[in-house]
Amino acid sequence: MANALVVVDVQNDFCPGGALAVAEGDAVVEPINRMAADYDVVVATRDWHPSEHGSFASRGGPWPRHCVQGTPGAELNPGLDGGAIDLIVDKGQSPDLPGYSGFEGTELEPFLRARDVATVHVVGLALDYCVRATALDARARGFAVVVHRDATRAVEASEGDGERAVAELRAAGVEVI
Ligand SMILES: [Zn+2]
């Protein structure tokens, strides 16, 4: 059985200076680069929205316009070691679905199954949204799941969201270390 590292949305728009910046979002890059060598499979997800996505404030959603397909803000942080990434999964492409989870409408699960992955390690941005949703989905699909806190950061749209996400993950059987 194999271990996979799923690197969630370490994109320019979620890093300082980006359209939906997570505080210290770029601080996850270095630990992720260090970790990548220890896994059989490394997958990076990208939030990859059409120009009028339902999560954008312009359409009544909670977020500013971010990670629009093909824009510089949607590119992976240039500090990530691209050579370590086996697959890039684009999510959030459906205009009317939130697209928080890397499993929603993507090839992620069949890719992991084809490589005999038993345990999914989740890192990246942001802990309280896409990391949370991806880890919960992985658990619901029967994988063992580990979230590495030092390689995540939270948006904290409401203070305490990061801690609430950790509690919810643990209650769902996700190991948070
Ligand atoms: Zn998004």
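See above for the structure.
What you see is a predicted model; the values in this text were computed from it and never measured.

1. Re the sheet that holds strand β6 (residues 175–176)
Line of reasoning, step 1. An order of β3-β2-β1-β4-β5-β6 is seen for the six strands of this open sheet, with the pairing classed as parallel. Edge positions in the open sheet fall to β3 (87–91) and β6, since each of these has one partner strand only.

2. A look at the side chain of H53
Line of reasoning, step 1. Along the chain, the position of H53 falls in the loop between β2 (41–47) and β3.
Line of reasoning, step 2. For H53, a relative accessible area of 0% corresponds to the buried category.
Line of reasoning, step 3. Within the local environment of H53, its side chain forms a polar contact with the backbone oxygen of L97, the two atoms lying 2.9 Å apart.
Line of reasoning, step 4. Once you skip the residues sitting within four places of it in the chain, H53 turns out to touch R59, G92, S94, P95, L97 and P98.

3. Details of the pairing of β3
Line of reasoning, step 1. With four of five residues buried, β3 is to be regarded as a mostly interior element.
Line of reasoning, step 2. The pairing of β2 with β3 spans five bridges and is parallel. Within the sheet, the bridge partner assigned to A44 lies in β3 and is I88.

4. What about the side chain of D128?
Line of reasoning, step 1. Mapped onto the elements of the fold, D128 is located in helix α3 (residues 127–140).
Line of reasoning, step 2. For the buried D128, which has no salt bridge, the nearest side chain bearing the opposite charge is R164, at an N-O separation of 7.8 Å.
Line of reasoning, step 3. A distance of 2.8 Å separates a polar atom in the side chain of D128 from the backbone nitrogen of V155.
Line of reasoning, step 4. Here the side chain of D128 touches E156 through a polar contact of 2.8 Å, landing on its backbone nitrogen.
Line of reasoning, step 5. Once you skip the residues sitting within four places of it in the chain, D128 turns out to touch A154, V155, E156, A157, D161, G162 and A165.

5. Overview of the coordination of the zinc ion
Line of reasoning, step 1. Donor atoms from the polypeptide that bind the zinc ion are D47 (OD), H49 (NE2) and H66 (NE2), placed at 2.0 to 2.1 Å.
Line of reasoning, step 2. Within one chain, the residues donating to the zinc ion are spaced in sequence as D-x1-H-x16-H. With D47 in strand β2 and H66 in the loop between β2 and β3, this residue pair connects regions lying 19 residues apart in the sequence. Here the two residues D47 and H66 agree in accessibility, since each one is buried.

6. Examining the environment of T134
Line of reasoning, step 1. Relative to the helices and strands, T134 resides in helix α3.
Line of reasoning, step 2. Along the chain, T134 and V6 lie 128 residues apart, while their C-alpha atoms are 8.8 Å from each other.
Line of reasoning, step 3. Ignoring any residue separated from it by four or fewer positions in sequence, one finds T134 in contact with V6, V8, Y100, S101, G102, F103 and V122.

7. Topic: the state of the cysteines
Each disulfide is one covalent bond, formed between the sulfur atoms of two cysteines.
Line of reasoning, step 1. Following the criterion strictly, the structure yields zero disulfides and no others.
Line of reasoning, step 2. Of all cysteine sulfurs, the one in C130 lies closest to C67, which takes part in no disulfide; the gap is 8.7 Å.

8. Thoughts on helix α1 (residues 29–36)
Line of reasoning, step 1. When α1 is considered as a whole, its buried residues turn out to be V29, P31, I32, M35 and A36. Along α1, the residues classed as buried sweep out an arc of 165° about the axis, all on the same side. Opposite the packed face of α1, turned more than 90 degrees from it, sit the exposed residues E30 and R34.
Line of reasoning, step 2. Structurally, α1 contributes buried residues whose contacts are with β1 (2–8), β2, β4 (117–125) and β5 (144–153).

9. Some words on unusual backbone geometry
Line of reasoning, step 1. Note that the residue after L125, namely A126, is joined by a cis bond; omega there is -15°.
Line of reasoning, step 2. Position of A126 relative to the elements: it lies in the loop between β4 and α3.
Line of reasoning, step 3. A positive phi angle, close to 50°, is found at D9, a residue other than glycine.
Line of reasoning, step 4. You can see D9 is positioned in the loop between β1 and α1.
Line of reasoning, step 5. According to the relative accessible area criterion, D9 is buried, its value standing at 0%.
Line of reasoning, step 6. With a phi close to 55°, E156 is a non-glycine residue in the positive phi region.
Line of reasoning, step 7. Positionally, E156 belongs in the loop between β5 and α4 (161–171).
Line of reasoning, step 8. For E156, a relative accessible area of 33% translates into the label partly exposed.

The rules we used
Residues numbered from 1 in each chain as written. Predicted model: local features only at pLDDT ≥ 70, side-chain atom pairs only at ≥ 80, totals over all residues. Heavy atoms only, no water. Pairing = 2+ DSSP bridges. Helix = DSSP H or I, 4+ residues; strand = E, 2+ residues; numbered from the N terminus. Buried < 20%, exposed > 50% of the residue type's maximum accessible area, 1.4 Å probe, protein only. Polar contact = N/O pair within 3.5 Å; in protein donor to acceptor, adjacent residues only side chain to side chain. Contact = heavy atoms within 4.5 Å. Lys, Arg positive; Asp, Glu negative; His and termini not counted. Salt bridge = Lys/Arg side-chain N within 4 Å of Asp/Glu carboxyl O. Donors = N, O, S within 2.8 Å, 3.2 Å for Na, K, Ca; no water. Disulfide = S-S within 2.5 Å. Arc of directions from axis to C-beta.

Read these as layout, nothing more, since geometry by itself doesn't imply function.
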